[in-house]
Amino acid sequence: MGIKALGYVVIETARPAAWDEFLCGFVGVMRTGDAVDGAALYRIDDRVFRFRVEPGTREWFVAAGYAVTDRAALDALAEAVARAGRPVTWASAAVAAGRGAEAMFATSDPAGNGLELYCGDACTAEPFVSPIGVPGFVTGALGMGHAVFSAPNFDETIVFHRDVLGFHETDMPRFQLFGPDGPSMGFAFLHADNGRHHSIAFGEGPVPPAGLVHIMLELPTLVDVGMAHDRMKRFGYPESATLGRHVNDQTTGFYVQTPGGFDLEIGCDSLVIDPASWETTRHEGISVWGHEWAWQKAMAAAQGEQA
Ligand SMILES: [Fe+2]
């Protein structure tokens, strides 16, 4: 039993037009037919959708949808989640079908982060065609990308994801984000049963106002990432972290703030691991180079003003 991959994300927004421009005009994903309930659906590959953007009243990351192998695995997972004291809300057949799934249940982890677990990915034979010429995204067995959440009750949340849901530890560092004398912060990078370094990750801290820290999409080449970076500047979207390369998953890319308030990491060249033989690492640094964070710049500016 275990998680196959990140399959899709569900986002609530009061600004669907802003999300549409962000996803189609900037990221280069493909809008497909709307859901029967009015949600906008977007493809990045042959899965029937990867982004489900629901019109609503707030900017909120509703859920990350993770696939399991089959119905028996999903049923076993639902039992384990219920035994762990977390909610299990089975979707109707119509709602599951709307998720491109054979069956699905919604739950949340001990920090309240929204999750959907499902089996059966519906795919389409209609080719993926980006409206702005992006060649495609790195998905397949590696899944859509990764989602990074936050958890104040960090240890309890990680135990749930590892021992109940079946994610596996990849990298379990503590980072000195506020200098060598500041408090350290726990992080957990967990992989599913595929080669992506992490399909889900957590930082130790309060859940952000938008319900998520970031999601990550992988492009085929550095040229594609550079062109996305140019588009970010052209649209005037806020850059949350400059171009850089991560130590642990080796992704080269940048972070941009989405209309939902959380970030999107767009990168390439991500490490592919062998999940069967991987031994947990504890890296000490976040970036090989680059990744100057907007909050670091703001702190430096504030300190400059005080000096
Ligand atoms: Fe990331």
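In the block above lies the structure referred to throughout.
Predicted, not measured: the structure shown is a model, and the values here were computed from it.

Asks: How would you summarise the packing of helix α2 (residues 71–83) against helix α4 (residues 154–165) if you had to cite specific residues and measurements?
Replies: Two quantities define a packed helix pair, namely the angle between the axes and the distance from one axis to the other. The geometry of α2 relative to α4 is characterised by a closest axis approach of 10 Å and an angle of 140° between their N-to-C directions. When the axis of α2 is compared with that of α4, the two are oblique. Handedness of the α2/α4 crossing: right-handed. Contacts from L77, A80 and V81 of α2 reach α4 at F160, V164 and L165. Its residues placed into classes, the contact of α2 with α4 shows six nonpolar, no polar and no charged.

Asks: Residues and numbers for the pairing of strand β3 (residues 40–43), please.
Replies: Burial along β3 is two-sided: the face carrying A40 and Y42 and the face carrying L41 and R43 are both buried. In this sheet, β3 lies alongside strand β2 (residues 30–32) in antiparallel orientation, the contact comprising three bridges. When the sheet's bridge partners are listed, M30 is paired in β3 with R43. Where β3 meets strand β4 (residues 51–55), three bridges bridge the pair, whose relative direction is antiparallel. Bridged to A40 within β4 is V53.

Asks: Pulling in residues and values, what's your account of a nonpolar patch on the surface?
Replies: A cluster of nonpolar side chains, contributed by F178, W295 and M299, occupies part of the molecular surface with about 290 Å² of accessible area. Checked against the element boundaries, W295 lands in helix α6 (residues 294–306).

Asks: Requested: an account of the environment of H229, with residues and values cited.
Replies: Mapped onto the secondary structure, H229 falls in helix α5 (residues 222–235). For H229, the contacting residues outside a window of four places in its chain are E239, L243 and F254.

Asks: So, the coordination of the iron ion: which residues are in play, and what are the values?
Replies: Around the iron ion, the protein contributes the donor atoms H146 (NE2), H214 (NE2) and E265 (OE), which lie 2.0 to 2.2 Å from the metal centre. Coordination of the iron ion draws on donor residues from a single chain, spaced H-x67-H-x50-E in sequence. Of the two residues, H214 sits in strand β14 (residues 214–218) while E265 sits in strand β17 (residues 263–268), which places them 51 residues apart along the sequence. Per residue, the accessibility class of H214 equals that of E265, and both read buried.

Asks: Describe in detail the environment of V81, supporting the description with residues and values.
Replies: Mapped onto the elements of the fold, V81 is located in helix α2. Its relative accessible area of 0% is what places V81 among the buried residues. For V81 and T107, which are 26 residues apart along the polypeptide, the C-alpha to C-alpha distance reads 8.1 Å. For V81, the residues in contact, after removing those within four places along its chain, are R86, P87, V88, F105, T107, F160, V164 and L165.

Scoring rules and cut-offs
Residues numbered from 1 in each chain as written. Predicted model: local features only at pLDDT ≥ 70, side-chain atom pairs only at ≥ 80, totals over all residues. Heavy atoms only, no water. Axes fitted to C-alpha atoms, helices over the stretch in contact; angles between N-to-C directions. Helix = DSSP H or I, 4+ residues; strand = E, 2+ residues; numbered from the N terminus. Parallel < 35°, antiparallel > 145°, perpendicular 65-115°, else oblique. Left-handed = near helix turned anticlockwise from the far one by under 90°. Contact = heavy atoms within 4.5 Å. Nonpolar A, V, L, I, M, F, W, Y, C, P; charged D, E, K, R; others polar. Buried < 20%, exposed > 50% of the residue type's maximum accessible area, 1.4 Å probe, protein only. Pairing = 2+ DSSP bridges. Patch = residues over 30% accessible without salt bridge, like charges linked within 9 Å, V, L, I, M, F, W, Y side chains within 5 Å. Areas by Shrake-Rupley, 256 points an atom, 1.4 Å probe, with all protein chains shown as cover. Salt bridge = Lys/Arg side-chain N within 4 Å of Asp/Glu carboxyl O. Donors = N, O, S within 2.8 Å, 3.2 Å for Na, K, Ca; no water.

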